[in-house]
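So the chains spell out like this:
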Amino acid sequence: MTHTTSTDLLSQALQYSLQHQPAMLQTLQHIVEMESPSDNKAAVDKLGEYLAQEFERQGGRVKFHRAEEFGNHLQVSFPGTAGQKPVMLLGHFDTVWSMGTLANMQFRVADGRIHGPGVLDMKAGIVMMMYALRALRELDVRGHRPVTIFLDTDEEVGSESSRPITEAIAKECEAVLVLEPAQGLQGFLKTSRKGVGDYNVRVHGRASHSGVDFEKGRSAIVELARQILEVTKFTDLDRGITVNPGVIQGGTRSNVVAAEASVDVDIRIARALDAGELERKFAALHPFDPDCRLEVTGGLNRPPMERTPGTVRLFEAAQALAIAMGMNLGESATGGGSDGNFTSALGVATLDGLGAVGEGAHAAHESIILEQLPRRTALLAGLIATI
Ligand SMILES: [Zn+2]
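Residues numbered from 1 in each chain as written. Predicted model: local features only at pLDDT ≥ 70, side-chain atom pairs only at ≥ 80, totals over all residues. Heavy atoms only, no water.

1. Considerations on the packing of aromatic side chains
Inspection of every chain in the model, using the stated rule, returns three aromatic pairs. Considering the side-chain rings of Phe55 and Phe78, the 6.3 Å spacing of their centres and the 75° angle between planes classify their relative orientation as edge-to-face. Highlighted residues: Phe55 in helix α3 (residues 41-57) and Phe78 in strand β2 (residues 73-78), separated in sequence by 23 residues. The exposure classification of Phe55 matches that of Phe78, with both residues buried. (Phe/Tyr/Trp six-rings, centres within 6.5 Å; stacked < 30°, edge-to-face > 60°. Helix = DSSP H or I, 4+ residues; strand = E, 2+ residues; numbered from the N terminus. Buried < 20%, exposed > 50% of the residue type's maximum accessible area, 1.4 Å probe, protein only.)

Next up, the structure:
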């Protein structure tokens, strides 16, 4: 695509999005008000059906991937130039917000912001997908790749059931655009994400009466405390490795030497290379007190999304489009994971953070910046047409 065409397309797509802003807001309100916590299959499925209808109306071919425990995952295919590999638009429609949150956190538009549970993470991103594709269709933009949308329902709880589907679709695609929230209020794109994992270290000690039989006891709590100091040493900030003992449990009463204690540990790594080392270190933990026994489980859930040449190319394409629209678009690294981690680890060029600009994901002040919504939608349309 020549420079002039892409500038024309961008301004037309922006105009289209601005004209359709009221409709976008209506759709956004509707899907925010259809609450969809990851653990409520019935509610999530209802939203999935609604989204499927909307995409179908726009000419998409819908396919549900049945899930037992979670809502059914939604795949929608849109046609493009025959013989070309599709662009994948990736996201999720589950949220971290439990049913009924809406009562105290209504959808509302105020002071240039849109508030509501899941509005930033990532229901606005889904509305952007809809309207970017509508813009391309109604503006009669030709010659772009086919588009495959995949929206899963378990991202907020680790993506265990959707991961194989995400990976299978991504393998067939040229590039993956992730509509997760942008980074910070500047709206930066995410070109790298840390890998995420968790471990549980459990100590089995020996209970005894702390007054009568103190010497016979083997305190799981004392042993666990020492183990926590050990795993804390695995943190290496220079290499982007963090190890966080986040939750501890143990003991029954203060006058009982504790028989059991455990810690949940969150780990983050910047480079895939470091996964093995961390795994070995956890596996090598051994009890200080030989009468205590350790049980270590866990591992990496999401590999890191590294800043690969493919990702950089996508980012540079997005940045050039942003500049043409008078926007300043930077890139950033984040410690948080997304489904983009999976696609990137497969070697498919992945660009993340293309969704809404806002703040407060997973927090009571979750909101997006209204004026960025049409701009980012136009940017997405331009990017789909450019790749
Ligand atoms: Zn998200």
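2. A few points about the coordination of the zinc ion
Protein coordination of the zinc ion is provided by His92 (NE2), Asp121 (OD), Glu180 (OE) and Glu180 (OE), with donor distances spanning 1.9 to 2.7 Å. In this structure, the zinc ion is coordinated by four donor atoms arranged in irregular fashion, with angles at the metal of 52 to 146°. In the primary structure, the donors to the zinc ion are separated according to the pattern H-x28-D-x58-E. In this pair, His92 is assigned in strand β3 (residues 87-92) and Glu180 in the loop between β7 (175-178) and β8 (189-193), connecting sequence segments 88 residues apart. Taken as a pair, His92 and Glu180 share a single burial class, namely buried. (Donors = N, O, S within 2.8 Å, 3.2 Å for Na, K, Ca; no water. Tetrahedral: all angles 85-135°; square planar, octahedral: opposite > 155°, others 65-115°.)

3. Comments concerning the pattern of salt bridges
All told, the structure shown has 22 salt bridges when counted by the stated rule. Put simply, Asp45 and Lys41 hold a salt bridge, and the shortest N to O gap is 3.0 Å. With Asp45 and Lys41 both in helix α3 and four residues apart, this pair spans about one turn of that helix. Across the salt bridge formed by Glu277 and Arg239, the nearest N and O atoms sit 2.8 Å from each other. With a gap of 38 residues between them, Glu277 in helix α7 (residues 274-283) and Arg239 in the loop between α6 (220-232) and β11 (242-250) connect regions that are remote in the sequence. In the salt-bridge network here, residues are joined through shared partners; they are Asp236, Arg239, Arg271, Asp274, Glu277 and Lys281. (Salt bridge = Lys/Arg side-chain N within 4 Å of Asp/Glu carboxyl O.)

4. Re the sheet that holds strand β4 (residues 108-110)
An order of β4-β5-β18-β17 is seen for the four strands of this open sheet, with the pairing classed as antiparallel. Among the strands making up the open sheet, the edge pair consists of β4 and β17 (358-359). Both β17 and strand β18 (residues 367-369) contribute to a ladder of two bridges, which runs antiparallel. Paired with Glu359 across the bridge in β18 is Ser367. Those strands touched by helix α4 (residues 119-138) are β5 (113-115), β17 and β18, and its axis lies near 50° from that of β18. (Pairing = 2+ DSSP bridges. Contact = heavy atoms within 4.5 Å. Axes fitted to C-alpha atoms, helices over the stretch in contact; angles between N-to-C directions.)

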